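Structural overview
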Amino acid sequence: MRNFFSGTGFSLCGFRRLRTAHRLKPVLLSIGAVLLAAAPAFAEHTRWWRQSSFEEFDKGTAKGVALRSDGKLFLAPRFAQFADANLAYLLALRADSKGNLYAAGGANAKVLRLDANGKTTSVFESSELAAQAIAVDASGNLFVGTSPDGKVYKVTPAGQSSVFFDPKTKYIWDLAIDKDGTVFVATGDTGKIFSVAPDGKGQVFYSSEETHIRTLALDSSGNLLAGTEPSGLVLRISKAGNPHRAFVLYETSKKEITALLQDSSGNLYVAAAGEKTLSTPAGPRAPSPEATTAGNFNVSVNGVAVPVQQIQGIPFAPIPTVTSSSVYRIASDDSPEELWSSRDDLVYALGLRPNGRLLLGTGNQGAVLELEGSHIFSRLVRTTSGQVTAMASGPGGKLFLAAANPGKILTLGPDNEPEGSYESQPFDAKLFTRWGRLQWWGQSASSTPAKNGAGGRVEFYTRSGNTSDPGNNWSPWAGPYSNAAGDKIESPSSRFVQWKTVLHGAAGGNAPELDWVSVAYLPKNVAPEVTGIAIQSPGVRVQGVSLPSLGTTSQAPVQIRMPQLAATSSISSAANIANAAASTNTARFDAVPQGFTQKGYQSVVWTAEDSNEDQLEFSIYFRGETESTWKLLKDKLETRFYTWDTTAMPDGAYYLKIVATDAPGNPVGESLTSERESDRFEVDNTPPAIGQLMADSGGGTGVVRVRFQASHPSSSIARAQYSIDAEDWTLVFPSGGLSDSSRENYDFQLPKVAAGEHTITVRVYDQFENVSSAKATVRVPTSGN
C-alpha cells in the first residue's frame, strides 16, 4: 500500500484505517397528513424468495466463489496464504529476477525475503516506523525507503546494508529504478523527486508545487510518471532537458494518487482516493492518539499497540481516514476514462492478471476486485486481513498479494478453484412457513456434468429453523437438489430457511455460473387484526379524497382523530401506518380520508393489519347499550373508515364492532376473521327545549331584561345566543356561568335599547349541535312615558 502516510502530511489516505482491526393516545392529525393502514391489492399465497443481484448475494458467505457486480456467482481464482509476515502491516512487494519475493512493512521498519516455498528471511530492519517503499535493480540490489525522517538504504545480494541516499525530507513515498540503474525517490512534504546515481550521488530531478509525490512508475518510453497529493495529479516527466519539465496527463477528481500501473499496450491505470476540499491545510494531520511518553504515542493496529512518533508537535500515525476511491485509464493517446468508483472502498494497489484484466487491492474489507469493462467488476476474493496493499507478479501467471492488519502474503491464480461454496443469508418469512421448490439458472450450471466429462456442475442444499442465526438448533443440510427447474425442498416447515450451493469446475470445460436462485414458500395463514378504533365527534363526516364539484357549497374541514393502537400491535403509531404499508412489495395505500362537518352524521376510523399481507374486507355492526344482539350496519367495506346518517337511529348510547376478514385473498373455507369493539358513544338528534321565555322593558329606562330556561332530556346544554331584531347573534352565559348541565337558566339585560317594539330571539345548542330557537316581543317606551 503506497498511501501509508496520507494527505498533507501523515493523513494520506493510504493507511489510517490499518489500525482498525476493527400504547398511544388518540392522535389528531391534519387532513393532509392522515394515512391509514395499507393493504395489498391481492395476496400472493405462493411467494418466492429470489436472489439475483450483487447486493442480495453480497449478504451471503462465499468460499472460493467470486461475485460479479451484475449478480453472477462463479468460481474464483485459486487463493491461498503464502506466508505470515508476523508484522502488523505490509506496504510493498517486489520480485527479483531470481524468483525471490521481497515484502516491506512495519512496525518497526522491516523487509523480508521469501523463497519459492514461502520461507521468510529478514534482510533489513531499522528504527524507523515503516519500510514504505522497495525496489530491486538488475544486479539484485535491494533499495529500501523508510519513513518518517527516513533514508534510502541499499541491501546487497550478500546482505550488507548501508545508507544509500538521504533526501533530508520528512517522508519517502516510493522508489523506481531506471534501466541505467538510476533510483528515483518520491518524497514529501516538499513534493520533490530525487534521482540517485548507482554510486549514491543524488540531486533534485523535479520539484513540484504539490505537497507530496505519492507514487512513481516508468512508461515504455522511459518517461517518469508520478502521482501527487493534494491535487490528485498524474504527471509525465521527461528525462531530457534540465530543468526537467512535467506535463499533467490528468487531474483526477480525487485528492491523492495511490497507485500507477502501465500495461503492455501503453494504457496507464491510475488509482486515486479522497475527496478534495476547498482548503487543505499545509501541515501533517492525524487523529489524536493518547500520549504515553513525551514525543511518543501508541495507536492500536489490529489490537496491538504500535508506537507513533511525534513530528513537529503532530503525531505521525500510519492510519488512513478517507474511503472514497476511483480508478482511471489513460489510454496511449493520453485520453482519460473513469473505469470504477466507490464511496466505501479504498484502492491501495493495482495489478494485472494474465488475461490482461485489471485487479484492485482494496480496503477496508480486504477484497480483491477485477475490472471486466463496461463498468462491470467482480469481487474475486476477500482476505482475513483488513487491506490488500500491494501486488507483484509471480511465475506462471501467479500473483502475489501483500495485506495489512495483519500483515500476510497471499497468492492468487493463475487457475481457478476446483470447487467453491456459497451460503445465502438466512431468509425470514416472518411466519411459520411451508417450503416449496428450489429453482436456479446459470450458464453451465447443470446439476450433472456433461457425458464427455467436460463442463462444471452445481449442487444445492437447504436447511431451516426457527432462530435468526443458523446453528445446531436448525435442521441439517438437505440435498443435494438436482433439478434446476425445481426440486421440492426437503427441509421442515419453519420460519427461517437458508440455501447453499457448491460449484464444481472441470478441466477444459466451461466453468459454472449462477445467475439467480428462487425459493417458493407459503406462510401459514394468520387471522387479521383490527388494531384500533376511533369514533369521531358527532357531526363529522369522513370521506376519501375527492375533487369539489363546481357550484357546491364548501364544507368546513375538521381534524380526524386516529385510533389508539393496541399495545401488542406491530404498528406503534399513526405515523407508522404508512411506513408499515410501504415496507411490503404489494402494499397499496387506502384513500387518505378527510373530515368535514355535517349535522346528523357519525363517523368511525379504524386500523387493521394482516401478517400475510392479504387483502382485507370489513363489516360494521352496532348495538344499543342495553341490547345484546349485534345488528349489521355495513358490510363488504375495503376502506378503513365509514360514515352514516344517525337520524335513522333512536337517541341513546351505542357500541360498534368492526369485523375484519381475509376472505378476498384466500380460498373458500380457509379465510380467517377477527373483530374489535369500540368505546361507548352516543347518538342524539333531539334538540333542546326553550321554556319560560320572557322579555320586559324595565319601566322605560332603555333596558330590556330577558329570562328563559333551556333543557334537554339527556344531553348537556352547550351554549346559548340571542339576537335583537335579526341582528348578529351574541353569546350569553347561563346564570351560573358554566354550561355543564342538562338544564340551564338564563337571565340577562340588554342596555340602551331604543324605544319601540323589538323582537328578541334566542337559540340554544346541546353538545351534539342540535339547536332550538324561540322569540319574544318587547316594547320599550319613550323616555318620560
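This structure is a prediction, so every number in the text was calculated from the model and none was measured.

1. Observations concerning the overall build of the protein
Of regular secondary structure, the protein possesses two helices and 64 strands. Of the roughly 35300 Å² that the protein leaves accessible, carbon and sulfur atoms contribute 47%.

2. Looking at the sheet that holds strand E61 (residues 730-732)
Strand order across the open sheet formed by four strands is E61-E60-E63-E64, with antiparallel pairing between neighbours. The open sheet terminates on both sides in strands that have one partner only, identified here as E61 and strand E64 (771-780). On average, each strand axis in the sheet is inclined to that of its neighbour by 30 degrees, with strand direction left out of account.

3. Focus on the nonpolar core
Grouped burial of nonpolar side chains is what soluble globular proteins tend to show. Counting residues in each nonpolar core, the largest one holds 41 residues, and the members touching the most others are Leu350, Leu360, Trp440 and Phe460. Here the element with the most residues in this core is strand E38 (residues 427-441); it accounts for five residues. Ignoring sequence-local partners within four residues, the contact set of Leu350 consists of Ala259, Leu260, Leu261, Tyr269, Val270, Ala271, Leu358, Leu359, Leu360 and Met391.

4. Points about the sheet that holds strand E62 (residues 743-750)
The strand order across the open sheet built from three strands is E58-E59-E62, with neighbouring strands paired in antiparallel fashion. Single-partner strands in this sheet number two, and they are strand E58 (689-696) and E62. Neighbour to neighbour, the strand axes of the sheet diverge by 10 degrees on average, direction disregarded. One ladder, built from eight bridges, connects strand E59 (residues 704-711) with E62; its direction is antiparallel. Bridge assignment links Phe708 to a residue of E62, and that residue is Tyr746.

5. Observations concerning empty space enclosed by the protein
Taken as a whole, the largest cavity spans an internal volume of roughly 90 Å³. Lining of the largest cavity is provided by Pro538, Gly539, Lys599, Gly600, Tyr601, Gln602, Thr646, Glu682, Val683, Asp684, Asn685 and Phe768. Listing elements by their share of the lining of the largest cavity, those giving two or more residues are strand E51 (601-609) and strand E57 (681-683). Taken together, the residues of the lining of the largest cavity sort by class into four nonpolar, five polar and three charged. Here the second largest cavity defines a volume of roughly 40 Å³. In terms of lining, the second largest cavity is formed by Arg353, Pro354, Leu359, Gly397, Leu399, Leu412, Gly413 and Pro414. Counting residues per element, the lining of the second largest cavity draws most heavily on strand E36 (residues 399-416), which supplies four residues.

6. Observations concerning unusual backbone geometry
The omega torsion across Ser147 and Pro148 is -5 degrees, close enough to zero to call that bond cis. Relative to the helices and strands, Pro148 is located in the loop between strand E12 (142-147) and strand E13 (152-155). Positive phi is not limited to glycine here, since Lys636 has a value of about 55 degrees. Examined against the element boundaries, Lys636 turns out to sit in strand E53 (residues 631-637).

7. Thoughts on the environment of Glu769
Along the chain, Glu769 turns up in the loop between strand E63 (756-766) and E64. Each C-alpha atom, one on Glu769 and one on Asn685, is 8.6 Å from the other, the two residues being 84 residues apart in sequence. The residues contacting Glu769, other than those within four sequence positions of it, are Lys599 and Arg719. Of the polar contacts made by the side chain of Glu769, one reaches the side chain of Arg719; its length is 2.9 Å.

8. Observations regarding the pairing of strand E15 (residues 171-177)
For E15, the buried fraction is high: seven of the seven residues fall into the buried class. Bridge analysis of E15 against strand E16 (residues 183-188) gives six bridges, and the strand direction is antiparallel. In the sheet register, Ala176 faces E16, and the bridge partner there is Phe184.

9. Observations concerning the environment of Val65
Along the chain, Val65 falls in strand E5 (residues 65-68). With a relative accessible area of 6%, Val65 lands in the buried category. Non-local contacts of Val65, meaning those with residues more than four positions away in its chain, are made with Leu73, Phe74, Ala76, Leu380, Gly420, Ser421 and Tyr422.

10. Describing the packing of aromatic side chains
Applying the stated rule across the entire model yields 24 aromatic pairs. Judged by centre distance (6.5 Å) and plane angle (90 degrees), the rings of Phe57 and Trp499 are edge-to-face. Taken as a pair, Phe57 in helix H1 (residues 54-57) and Trp499 in strand E42 (residues 494-504) lie far apart in primary sequence, 442 residues in all. The pair formed by Phe57 and Trp499 is uniform in burial state, with each residue classed as buried. Measuring from ring centre to ring centre gives 4.9 Å for Phe124 and Tyr153, while their planes differ by 50 degrees; the resulting arrangement is tilted. Of this pair, Phe124 sits in strand E10 (residues 120-125) while Tyr153 sits in strand E13; the two residues are 29 residues apart in sequence, bridging distant segments of the chain. For the residue pair Phe124 and Tyr153, the accessibility class agrees, reading buried in each case. The ring of Trp516 carries Arg50 above its face, with NZ or CZ at 4.3 Å from the centroid. Lying across the ring of Tyr461, Lys500 places its NZ or CZ 5.3 Å from the centre.

11. Notes on the pattern of salt bridges
Summed over the entire model, instances satisfying the criterion amount to 31 salt bridges. As a salt-bridge pair, Glu423 and Arg463 come within 4.0 Å of each other at their nearest N and O atoms. One end of the pair, Glu423, is in strand E37 (residues 419-423); the other, Arg463, is in strand E39 (residues 457-465), and 40 residues separate them in sequence. With a relative accessible area of 25%, Glu423 lands in the partly exposed category. Ionic pairing is found between Glu459 and Arg457, a salt bridge with its closest N-O pair at 2.6 Å. For Glu459, a relative accessible area of 16% translates into the label buried. A residue is classified by how much of its surface remains accessible, and Arg457, at 25% relative accessible area, is partly exposed. In the salt-bridge network here, residues are joined through shared partners; they are Arg68, Asp70, Arg353, Arg357, Glu370 and Glu372.

12. Considerations on the side chain of Ser424
For Ser424, the location among the structural elements is in the loop between E37 and E38. The class of Ser424 is buried, set by a relative accessible area of 2%. Once you skip the residues sitting within four places of it in the chain, Ser424 turns out to touch Trp49, Gln51, Gly60, Gln498 and Trp499.

13. Let's talk about the side chain of Gln602
Turning to its location among the elements, Gln602 is positioned in strand E51. Of the polar contacts made by the side chain of Gln602, one reaches the backbone oxygen of Gln536; its length is 2.6 Å. Among residues more than four places away in sequence, those in contact with Gln602 are Ile535, Gln536, Ser537, Pro538, Val540, Tyr642, Thr643, Trp644, Thr646, Phe681 and Glu682.

14. Observations regarding the confidence of the model for the protein
Across the protein, pLDDT averages 84, with 82% of residues at or above 70. Note on residues 1-44: pLDDT is under 50 here. Beyond four places in sequence and across chains, it has 229 contacts. Here residues 280-320 is a poorly scored stretch, pLDDT under 50, and it has 120 contacts once near neighbours within four places are set aside; other chains count.

Rules used in this analysis
Along every chain, residues carry numbers that run from 1 in the direction the sequence is written. With the structure being a predicted model, the display of local features is reserved for residues of pLDDT at least 70 and the display and counting of side-chain atom pairs for 80 or more, all residues being used for whole-chain, interface and lining totals. Excluding hydrogens and water, the side-chain figures rest on all heavy atoms present in the structure. Working definition: helices are DSSP H or I runs of at least four residues, strands are E runs of at least two. Numbering for both runs from the N terminus. Accessible surface area values rest on a Shrake-Rupley calculation with a 1.4 Å probe, where residue burial reflects the displayed protein chains alone. The criterion for strand pairing is that DSSP finds at least two bridges linking the strands in question. Under this scheme, a helix contributes an axis fitted over its contacting stretch, all axes are lines through C-alpha atoms, and angles between N-to-C directions fall in the 0 to 180 degree range. By nonpolar core we mean a set of buried residues, namely Ala, Val, Leu, Ile, Met, Phe, Trp, Tyr and Cys, connected to one another through side-chain atoms within 4.5 Å. Burial status follows relative accessibility: with a 1.4 Å probe on protein chains alone, a residue under 20% of its type maximum counts as buried, one over 50% as exposed, and anything between as partly exposed. Contacts between residues were defined by any pair of non-hydrogen atoms, one from each residue, lying within 4.5 Å. We place a 1 Å grid over just the protein atoms. Points where a 1.4 Å probe fits but has no way out form a cavity, open points with protein on both sides within 12 Å along at least 5 of 7 lines form a pocket, and any residue with an atom within 4 Å of a point lines it. Grid points are joined across faces, edges and corners, and a volume is the space filled by probe spheres set on the points. Gly is placed with the polar residues, together with every amino acid not listed as nonpolar (Ala, Val, Leu, Ile, Met, Phe, Trp, Tyr, Cys and Pro) or charged (Asp, Glu, Lys and Arg). Any pair of N or O atoms that falls within 3.5 Å is considered a polar contact. Within protein, one atom must be able to donate a hydrogen and the other to accept it, and sequence-neighbouring residues count only if both atoms are side-chain atoms. Classification of ring pairs rests on two measures: the distance between centres of Phe, Tyr or Trp rings, Trp counted by its six-membered ring, which must be within 6.5 Å, and the angle between planes, read as stacked under 30 degrees, edge-to-face over 60 and tilted in between. By the criterion adopted, a ring carries a charge over it if an Arg CZ or a Lys NZ lies within 6 Å of its centre and within 35 degrees of its normal. Salt bridge, as applied in this entry: a Lys or Arg side-chain nitrogen positioned within 4 Å of an Asp or Glu carboxyl oxygen. Per-residue confidence from the predictor is reported as pLDDT, which spans 0 to 100.

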